[in-house]
Amino acid sequence: MLYDDQNIFARIIRNELPAIKVYEDDQVVAFMDIMPQAEGHTLVIPKTPAVTLLDLAPEAAAYTIQIVQKIAQAMEKALDIKGVVLMQLSGAAAGQTVPHVHFHLIPTSVHELGKHALHMGDQEKIKVLAEKIKAAL
Ligand code: 5GP
């Protein structure tokens, strides 16, 4: 799929837009969702340009899922959560709104998962949660 390098996440990767980051290395960045579906909602994205999971090179997908697991483990330690929903939407028809592949880690139950990207979160509260996750990594 054609990649738009001006999408929000591409700009976060290039540090042109701010994000509350919890983890970053040369291949992946993880940051807090600006409109969380539950307290602690975190996004993990590979830095390589790909719109959906279907476009992502297998090596990048394999590495990213390792970081997804690492962040989920830190969330479990830091936020005293019982479970986490891993959500990945590929394609607008699936509900994807930002055209750069990403994995949602949402500390909630799938039965309580409402609509996503709906309400802006309290960014100061989100920063506190991010610090807790970072400290548990
Ligand atoms: P998608 O709908 O593509 O699966 O998920 C995109 C996610 O990105 C949504 O949960 C939405 O709340 C989040 N999001 C949209 N714009 C921004 C932004 O500028 N910064 C951050 N941190 N998250 C964003």
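The shown structure was predicted, so the numbers you read here are calculated from the model rather than taken from an experiment.

S.K.: For this particular structure, what's the right way to read the overall build of the protein?
M.R.: Counting its regular elements, the protein contains 3 helices and 5 strands. Helices and strands in the protein line up, N terminus first, as α-β-β-β-α-β-β-α. Its C-alpha atoms give the protein a radius of gyration of 14 Å, near enough to 14 Å, the size a compact globule of 137 residues would have. Counting only C-alpha atoms, the protein reaches 40 × 30 × 25 Å along its principal axes. For the protein, buried positions account for 45% of its 137 residues. Excluding contacts between residues fewer than 6 apart, the proportion of contacts in the protein whose partners are at least 24 apart in sequence is 63%. Of the roughly 7500 Å² of accessible surface on the protein, a fraction of 56% belongs to carbon and sulfur atoms.

S.K.: What am I meant to see in the packing of aromatic side chains here?
M.R.: For any pair of aromatic rings, the description rests on two quantities: the centre-to-centre distance and the angle between the ring planes. For the structure on display, the rule yields 1 aromatic pair. With a centroid separation of 5.3 Å and an interplanar angle of 80°, the aromatic rings of F9 and F31 are classed as edge-to-face. You can see F9 sitting in helix 1 (residues 8–13) and its partner F31 sitting in strand 2 (residues 28–32), a full 22 residues away along the chain. With respect to class, F9 is no different from F31; both count as buried.

S.K.: Can you walk me through the pattern of salt bridges in this structure?
M.R.: Two side chains carrying opposite charge are able to pair once their charged atoms lie near each other. If you walk through the whole model with that rule in mind, you get 6 salt bridges. E16 serves as the salt-bridge partner of R14, at 2.7 Å between the closest nitrogen and oxygen. On the basis of relative accessible area, E16 is assigned to the partly exposed category, the value being 41%. Between E24 and K21 there is a salt bridge; the shortest N-O distance is 3.1 Å.

S.K.: Help me understand the UniProt feature "domain: HIT" (unreviewed entry) in the protein in this model?
M.R.: Sequence positions flagged by UniProt for "domain: HIT" (unreviewed entry) are, in local numbering, residues 8–115. Helix and strand shares over residues 8–115 are 26% and 19% respectively, and the end C-alpha atoms of the span are 20 Å apart.

S.K.: So what exactly am I meant to see when it comes to the site of the ligand here?
M.R.: Taken together, 18 residues are adjacent to the ligand, and D33, T97, H102, H104 and H116 come closest. Here H102 contributes a side-chain N or O atom positioned 2.8 Å from an oxygen atom of the ligand. Contacts to the ligand include H116, whose side-chain N or O atom sits 2.4 Å from an oxygen atom. Protein contact buries 92% of the 520 Å² of open area that the ligand shows by itself. Because more than half of its atoms lie within 2 Å of the grid, the ligand is assigned to the largest pocket. Where the shell around the ligand is concerned, the elements lending two or more residues are helix 1 and strand 2. Here the shell around the ligand takes 3 residues from helix 1, the largest share from any one element. Here the residues of the shell around the ligand sort into 11 nonpolar, 6 polar and 1 charged.

The rules behind the values
- Residues numbered from 1 in each chain as written.
- Predicted model: local features only at pLDDT ≥ 70, side-chain atom pairs only at ≥ 80, totals over all residues.
- Heavy atoms only, no water.
- Helix = DSSP H or I, 4+ residues; strand = E, 2+ residues; numbered from the N terminus.
- Rg over C-alpha atoms; globule rule 2.2 N^0.38 Å.
- Buried < 20%, exposed > 50% of the residue type's maximum accessible area, 1.4 Å probe, protein only.
- Contact = heavy atoms within 4.5 Å.
- Areas by Shrake-Rupley, 256 points an atom, 1.4 Å probe, with all protein chains shown as cover.
- Phe/Tyr/Trp six-rings, centres within 6.5 Å; stacked < 30°, edge-to-face > 60°.
- Salt bridge = Lys/Arg side-chain N within 4 Å of Asp/Glu carboxyl O.
- UniProt positions renumbered as here; feature names shortened; annotations may be inferred.
- Near = heavy atom within 4 Å.
- Polar contact = N/O pair within 3.5 Å; in protein donor to acceptor, adjacent residues only side chain to side chain.
- 1 Å grid on protein atoms, 1.4 Å probe; cavity = no way out; pocket = protein on both sides within 12 Å on 5 of 7 lines; lining within 4 Å.
- Sits in = over half its atoms within 2 Å of the grid points.
- Nonpolar A, V, L, I, M, F, W, Y, C, P; charged D, E, K, R; others polar.

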